[in-house]
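Per-entry structural report
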Amino acid sequence: MILVLISLANRLQEGIDVECFTYELLEKMNSYCSKPHQLEHVTPYCYENLDTIRYFSLEDSDDFSEYRLTLDDAVDFEILTDLYAEFDFDYDV
């Protein structure tokens, strides 16, 4: 089973990082996960058990982790709405 983790060092923007894994590993996670935080998201089990999973991490020497490019909560929505309004697009938000 291979888990591809892009940026274990957390140097990418939140919302830009990527995690790819096989269906076989997804099934394994489904059968082994029991803690609430493992059931809510797919990958915590992997990060907590890196010693049992083959993986590699692509890293960038620059640190972009201070930026957020995601829409997860009300604050993100407000920021994106304001940003959208700045560009005066022809679409309603």
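Description of the structure in this document. Since this is a predicted model, take the numbers as computed values, not measurements. For every chain, the first residue of the written sequence is number 1, and numbering continues from 1 onward in sequence order. Two thresholds apply to this predicted model, a pLDDT of at least 70 for residue-level local features and 80 or more for giving and counting side-chain atom pairs, whereas whole-chain, interface and lining totals are computed over all residues. Values shown for side chains rest on all heavy atoms present in the structure; no hydrogens or waters enter the calculation.

A look at the overall build of the chain
Condition: Strands are runs of DSSP state E lasting at least 2 residues, helices are runs of H or I lasting at least 4, and numbering of each runs from the N terminus. In what follows, a contact means two residues having at least one pair of non-hydrogen atoms within 4.5 Å. We get accessible surface area from the Shrake-Rupley algorithm with a probe of 1.4 Å; when it comes to residues, only the shown protein chains can shield them.
Regarding its fold elements, the chain presents four helices and three strands. Start at the N end of the chain and walk to the C end: the helices and strands fall as β-β-α-α-α-β-α. Looking at the chain alone, contacts between residues at least 24 apart form 54% of all its contacts between residues at least 6 apart. Here the chain has roughly 7,200 Å² of accessible surface; of this, 54% comes from carbon and sulfur atoms.

Observations regarding the nonpolar core
Here is the rule: We define the nonpolar core as a collection of buried residues of types Ala, Val, Leu, Ile, Met, Phe, Trp, Tyr and Cys that are connected through side-chain atoms lying within 4.5 Å of one another. Buried means the residue's accessible area, taken with a 1.4 Å probe over protein chains only, is under 20% of the maximum for its type, while exposed means over 50%, and partly exposed covers the values in between.
Ranked by size, the top nonpolar core spans six residues in total: Leu25, Met29, Cys33, Tyr45, Cys46 and Ile53. When residues of this core are traced back to their parent elements, those giving at least two are α1 (23–32) and α3 (44–48).

Quick word on a nonpolar patch on the surface
Filter applied, for reference: Like charges within 9 Å and nonpolar side chains (Val, Leu, Ile, Met, Phe, Trp, Tyr) within 5 Å are joined into patches, using only residues over 30% in relative accessible area that form no salt bridge. For this analysis, a salt bridge means a side-chain nitrogen from Lys or Arg found within 4 Å of a carboxyl oxygen belonging to Asp or Glu.
The grouping of Leu71, Phe77, Leu80, Leu83, Phe87 and Phe89 at the surface amounts to a nonpolar patch, some 610 Å² of accessible area in total. Structurally, the position occupied by Phe77 is in helix α4 (residues 74–86). The class for Phe77 is partly exposed, based on a relative accessible area of 45%.

A word on α4
Heads up, the rule is: An expected span of 1.5 Å times one less than the residue number is assigned to each helix. Here a polar contact is taken to be a pair of N or O atoms separated by no more than 3.5 Å, where protein atoms must pair a possible hydrogen donor with a possible acceptor and residues adjacent in sequence count only if both atoms sit in side chains.
The end-to-end C-alpha distance of α4 is 18 Å, a good match for the 18 Å that 13 residues give at a rise of 1.5 Å each. Little of α4 sits out of view: just one of its 13 residues are buried. Taking the backbone nitrogen of Val75 as reference, a side-chain oxygen 3.2 Å away marks Asp73 as the first, capping residue of α4. Phi turns positive, to about 50°, at Asp88, one or two residues after α4.

Considerations on the packing of aromatic side chains
Heads up, the condition is: We call Phe, Tyr and Trp rings a pair once their centres come within 6.5 Å, taking the six-membered ring for Trp, and we label the pair stacked below 30 degrees between planes, edge-to-face above 60, and tilted otherwise.
Enumeration according to the criterion identifies one aromatic pair in this entry. Taking 6.1 Å as the distance between ring centres and 5° as the angle between the ring planes, the aromatic pair formed by Tyr32 and Tyr45 counts as stacked. Of the two residues, Tyr32 is situated in helix α1 and Tyr45 in helix α3; the sequence distance between them amounts to 13 residues.

Some thoughts on the side chain of Asp76
By the element assignment, Asp76 lies in helix α4. Among residues more than four places away in sequence, those in contact with Asp76 are Arg68, Thr70 and Leu71.

Re a negative patch on the surface
Stated precisely, the cut-off is as follows: Lys and Arg are tallied as positive, Asp and Glu as negative. Neither His nor the chain termini are counted. Taken as the charge centre is NZ of Lys, CZ of Arg, CG of Asp or CD of Glu, depending on the residue.
On the surface, a cluster of negative charge is made up of Glu59, Asp60, Asp62, Asp63 and Glu66. When you line up the elements, Asp62 lands in the loop between β3 (54–58) and α4.

A word on the state of the cysteines
Throughout this description, disulfide means a covalent bond between two cysteine sulfur atoms. Note the threshold: Disulfides are defined in this document as cysteine sulfur pairs within 2.5 Å.
Taken as a whole and assessed by the stated rule, the structure comprises zero disulfides. Note on Cys33: no disulfide assigned, nearest cysteine sulfur contributed by Cys46 at a separation of 7.6 Å.

Everything listed here is a matter of coordinates, which is why it stays silent on function.
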